[in-house]
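Overview (structure and organization)
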Amino acid sequence: MRSTISLCMIVRDEENTLPLCLNSVKDIVDQMVIVDTGSLDNTIQIAKSFGAEVYDYEWSDHFSKARNESIKYAKGDWILWMDADETLDPSSTSELIKITD
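The structure displayed is predicted, hence computed values, not measured ones.

The rules behind these values
- Residues numbered from 1 in each chain as written.
- Predicted model: local features only at pLDDT ≥ 70, side-chain atom pairs only at ≥ 80, totals over all residues.
- Heavy atoms only, no water.
- Helix = DSSP H or I, 4+ residues; strand = E, 2+ residues; numbered from the N terminus.
- Rg over C-alpha atoms; globule rule 2.2 N^0.38 Å.
- Buried < 20%, exposed > 50% of the residue type's maximum accessible area, 1.4 Å probe, protein only.
- Contact = heavy atoms within 4.5 Å.
- Areas by Shrake-Rupley, 256 points an atom, 1.4 Å probe, with all protein chains shown as cover.
- Pairing = 2+ DSSP bridges.
- Arc of directions from axis to C-beta.
- Polar contact = N/O pair within 3.5 Å; in protein donor to acceptor, adjacent residues only side chain to side chain.

Section: the overall build of the protein chain
The helix and strand inventory of the protein chain stands at four helices and four strands. Taken against the 2.2 N^0.38 rule, which gives 13 Å for 101 residues, the C-alpha radius of gyration of the protein chain at 13 Å falls within 12% of a compact globule. Principal-axis analysis of the C-alpha atoms places the extent of the protein chain at approximately 40 × 25 × 20 Å. Within the protein chain, buried positions represent 36% of all 101 residues. Across the protein chain, every contact between residues at least 6 apart in sequence was considered, and the portion connecting residues at least 24 apart equals 69%. When the accessible surface of the protein chain is summed, it comes to about 6000 Å², and 48% of that surface belongs to carbon and sulfur atoms.

Details of the pairing of strand S2 (residues 31-36)
Most of S2 sits inside the fold, with six of its six residues counted as buried. Burial of S2 is two-sided: the residues Gln31, Val33 and Val35 facing one way and the residues Met32, Ile34 and Asp36 facing the other way are all buried. As judged from the six bridges shared by strand S1 (residues 5-11) and S2, these two strands associate in the parallel manner. Paired with Ile10 across the bridge in S2 is Val35.

Some words on helix H1 (residues 18-25)
One turn of an α-helix holds 3.6 residues; hence residues three or four places apart share an orientation. By the burial criterion, the buried members of H1 are Leu18, Cys21, Leu22 and Val25. Along the axis of H1, the buried positions cluster into a sector of 90°, meaning they face one direction only. Looking at the buried positions of H1, the neighbouring elements they touch are S1, S2, helix H2 (43-49) and strand S4 (78-81).

Concerning the environment of Ser24
With respect to the secondary-structure elements, Ser24 resides in helix H1. Once residues lying within four places of it in the same chain are set aside, the contact partners of Ser24 are Met82, Thr87 and Leu88. Within the local environment of Ser24, its side chain forms a polar contact with the backbone nitrogen of Leu88, the two atoms lying 3.0 Å apart.

These values are about where atoms sit, not about what they do.
Below you can see the structure in the form of structure tokens.
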């Protein structure tokens, strides 16, 4: 049985980069956790359109606190941490699946 993977992210005003990021992992993650720190654009709507769980979080100027906030919602056996301007290289998909099997 394959282990499950939770994607965890902190975002704010990432409507231009988020779709590419989520598209790159949507077929290999079992859960998408998005912690939004005050977006004023369409970031939240985009995340939800990918089936992501979106949680509001008041930015406290501490990346570690925001990261821990996202991790507390993760239900997967593994956590994949990404920034919205990153994408998973398609050639890495098979390796990631092999690692989590």
